[in-house]
Each structure stands twice: as C-alpha cells, then as structure tokens.
Amino acid sequence: MVPVPSCRKRTMSSFFNQLQQPIGAPLPDWTTRPRPERISLQGRYCRLEALDAGRHASDLYQAYAQAPDHRGWTYMVSGPFTDAAGYRAYAELAAQSMDPLHFAVIELRSGRAVGTLALMRIDPANGAIEVGHVMFSPRLQRTPISTEAQFLLMRHAFDTLGYRRYEWKCDHLNAPSRQAALRLGFQFEGIFRQASVYKGRSRDTAWFSIIDSEWPALRSAFLQWLAPDNMLADGVQRQSLASMRERCSQSF
C-alpha cells in the first residue's frame, strides 16, 4: 500500500457536512479572544513588564552592548544600534505600539532589563497570536530566565487570554531561532518562500506553532523544568526541557 503523504493526513477529518464533505471540528462555544494589554507577568527568575523607554532603554542598551559583535541583530528587523540615543529612540517608538506589544525581561536578581520580546500579529477573532521581536542579551541567553520569559508569555496567551494558536516565525536561515523554537515545543509547519523583504534582502520565513491541545503537556514540562529542584546552584539544569516534554506528552 502506498503511504499517505503527511500533508494529506493533516487534512483528514472525522466531521462531515450534509454533502459528505470533510470539514473542520465544530466550535459552537468559540468567542473572540481579548487583546493582550500592557501588564506585568511575574516568574521565579524574571518578570515581564510592558516596555517603557524611560525605565528600560538604558539597561537594555547596556545589556546588548555586552555582546562581542552585532550578530544578534542580523535577523532582526531593527538594529544594530551603535549608541544609547539610537536605541532609546527605537524603544520609545516600540513602547507606543499595541501590535507588536513589546515586553522587557527583568532579571529579578539584579532588577535590570536584560532582553525583550513581543506579542504580535494578534488575531482575536481566530485566537491566533505570535511571539516575536525576541532579542535576548548575553546576560539572558542560555539561562533559566530565557526559558521562563518565553513560558510566561506563552502561559498568558493560552491560560489567561484563551488563544488557541501560538506562533513563532523566523528567517529560515536563522538556525539558532529555529533550534530555540523546537526546544520550546513548537511544531515546524513549513517555509513560506520569499515571504518578505527586510534590511535590503529577501527572507524565506520558517513557521512554527503550538496549539491549545498541546499546551497542557508543555505547561507541565515547563513547570517541572523551572522548578528549583531541577536547577543546580549555577543555574545549570539537572534534566533537559526536551526530556521533560517527552515525559509529559505521554501523560496527557
């Protein structure tokens, strides 16, 4: 028997209309979701605050300046910034936006802003929302804070706002971003060829997503990974997030 291509498997449905055509699952109780607002989200290692140039721009510029070069800005729509005034001007504009809605990541230990991320392409009618503009400084990269920051925003989208689809998109040439998406539990959906133009060059965009049916297992994995008993004194994990996700996926 010839195997059914994966794309056809995903389109198969258990629901049919009166014409015996396959249709999507009914959502009789679905309502438009609320839009995210400028709020704070508290975690164990960090806090997310709505971006405020007056409070955050100086800390963020100093944190980003600790990088040895500008490679972190290569796949960002903005930057790099060569002086504090330039970054402050960018932050002032970003802080006024509601979509993207930018958040600063505050390291609780120091009280300083060490990175940013945003909710964007907000679609309340369909319950879809994207995380983007992720710019983490060297002080935040590969730390529990970076994972918790992503988790806090994810949990807010699913558990508080009730969205059903959470997206991650990046330049398909951005290998670290693709790897980060997979580590966090996003599913790869494909590549949109020549999807956009930025910084004078063409971008093929890789799409990833998490949907609401996948969220309970992921939430459990994040909570177990972030628990104090999974962290050594230097913040190194005892068990990987991937192992937590695999174990939790078998329980849900």
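Residues numbered from 1 in each chain as written. Predicted model: local features only at pLDDT ≥ 70, side-chain atom pairs only at ≥ 80, totals over all residues. Heavy atoms only, no water.

A. Layout of the overall build of the chain. The helix and strand inventory of the chain stands at seven helices and ten strands. Here the chain has a C-alpha radius of gyration of 20 Å; the compact-globule value for 252 residues is 18 Å, and the two agree. Principal-axis analysis of the C-alpha atoms gives the chain an extent of 65 × 45 × 40 Å. Within the chain, the proportion of its 252 residues that are buried is 42%. In the chain, of all internal contacts separated by at least 6 residues, the share reaching a separation of at least 24 is 61%. Taken as a whole, the chain presents about 14200 Å² of accessible surface, with 52% of it coming from carbon and sulfur. Side-chain charges of the chain comprise 30 positive and 23 negative groups, with the mean position of each set lying 4 Å from the other. (Helix = DSSP H or I, 4+ residues; strand = E, 2+ residues; numbered from the N terminus. Rg over C-alpha atoms; globule rule 2.2 N^0.38 Å. Buried < 20%, exposed > 50% of the residue type's maximum accessible area, 1.4 Å probe, protein only. Contact = heavy atoms within 4.5 Å. Areas by Shrake-Rupley, 256 points an atom, 1.4 Å probe, with all protein chains shown as cover. Lys, Arg positive; Asp, Glu negative; His and termini not counted. Charge placed at Lys NZ, Arg CZ, Asp CG, Glu CD.)

B. Representation of the sheet that holds strand 3 (residues 41–42). A sheet is described by the order of its strands in space; here eight strands give the open sequence 3-4-5-6-7-8-10-9, paired in mixed fashion. Each edge of the open sheet carries a strand with a single partner, namely strand 3 and strand 9 (187–198). (Pairing = 2+ DSSP bridges.)

C. Broad picture of helix 4 (residues 144–160). For helix 4, spanning 17 residues, the distance from its first C-alpha to its last is 23 Å, which sits close to the expected 24 Å at 1.5 Å a residue. G162 sits one or two positions beyond helix 4 and adopts a positive phi of about 75 degrees. (Expected span 1.5 Å × (residues − 1).)

D. Structural detail: helix 6 (residues 215–226). If you check helix 6, its first and last C-alpha atoms are 16 Å apart, about what twelve residues at 1.5 Å a residue would give, namely 16 Å. All of the buried residues in helix 6 are W215, A217, L218, S220, A221, F222, W225 and L226. Buried residues belonging to helix 6 abut helix 4, helix 5 (175–183), strand 10 (201–211) and helix 7 (241–249).

E. Fine view of the pairing of strand 4 (residues 46–50). A large share of strand 4 lies buried, amounting to four of its five residues. In terms of strand pairing, strand 3 meets strand 4 through two bridges, oriented antiparallel. Its bridge partner lying in strand 4, L41 is registered against L48. If you look at the hairpin formed by strand 3 and strand 4, you'll find three residues sitting between the two strands. Two strands pair when backbone bridges link them, and strand 4 and strand 5 (residues 101–107) are joined in this way by five bridges, in the antiparallel orientation. The residue of strand 5 that forms the bridge with C46 is E107.

F. Representation of the packing of helix 2 (residues 53–64) against helix 3 (residues 84–96). It is at 9 Å that the axes of helix 2 and helix 3 come closest, and there the two elements cross at 135 degrees. If you check the angle between helix 2 and helix 3, you find them oblique. Of the two possible hands of crossing, helix 2 and helix 3 adopt the one that is right-handed. Contact with helix 2, carried on its side by A53, G54, A57, L60, Y61 and Y64, involves A84, Y87, R88, A91, E92 and A95 of helix 3 and no other residues of that element. Classifying every residue of the contact of helix 2 with helix 3 gives nine nonpolar, one polar and two charged. (Axes fitted to C-alpha atoms, helices over the stretch in contact; angles between N-to-C directions. Parallel < 35°, antiparallel > 145°, perpendicular 65-115°, else oblique. Left-handed = near helix turned anticlockwise from the far one by under 90°. Nonpolar A, V, L, I, M, F, W, Y, C, P; charged D, E, K, R; others polar.)

G. Expanded view of the side chain of H156. By secondary structure assignment, the location of H156 is in helix 4. A residue is classified by how much of its surface remains accessible, and H156, at 7% relative accessible area, is buried. Beyond its immediate chain neighbours, meaning those up to four positions away, H156 contacts I39, L41 and L161.

H. Seen up close, the pattern of salt bridges. Under the definition given, this model contains 15 salt bridges. Residue R47 pairs with E49 through a salt bridge whose shortest N-O separation is 2.8 Å. What makes E49 buried here is its relative accessible area of 11%. Between E167 and K169 there is a salt bridge, with the nearest N and O atoms lying 2.7 Å from each other. Accessibility classification places E167 together with K169 in one group, the buried group. In the salt-bridge network here, residues are joined through shared partners; they are R121, E130, R165, E167, K169 and E189. (Salt bridge = Lys/Arg side-chain N within 4 Å of Asp/Glu carboxyl O.)

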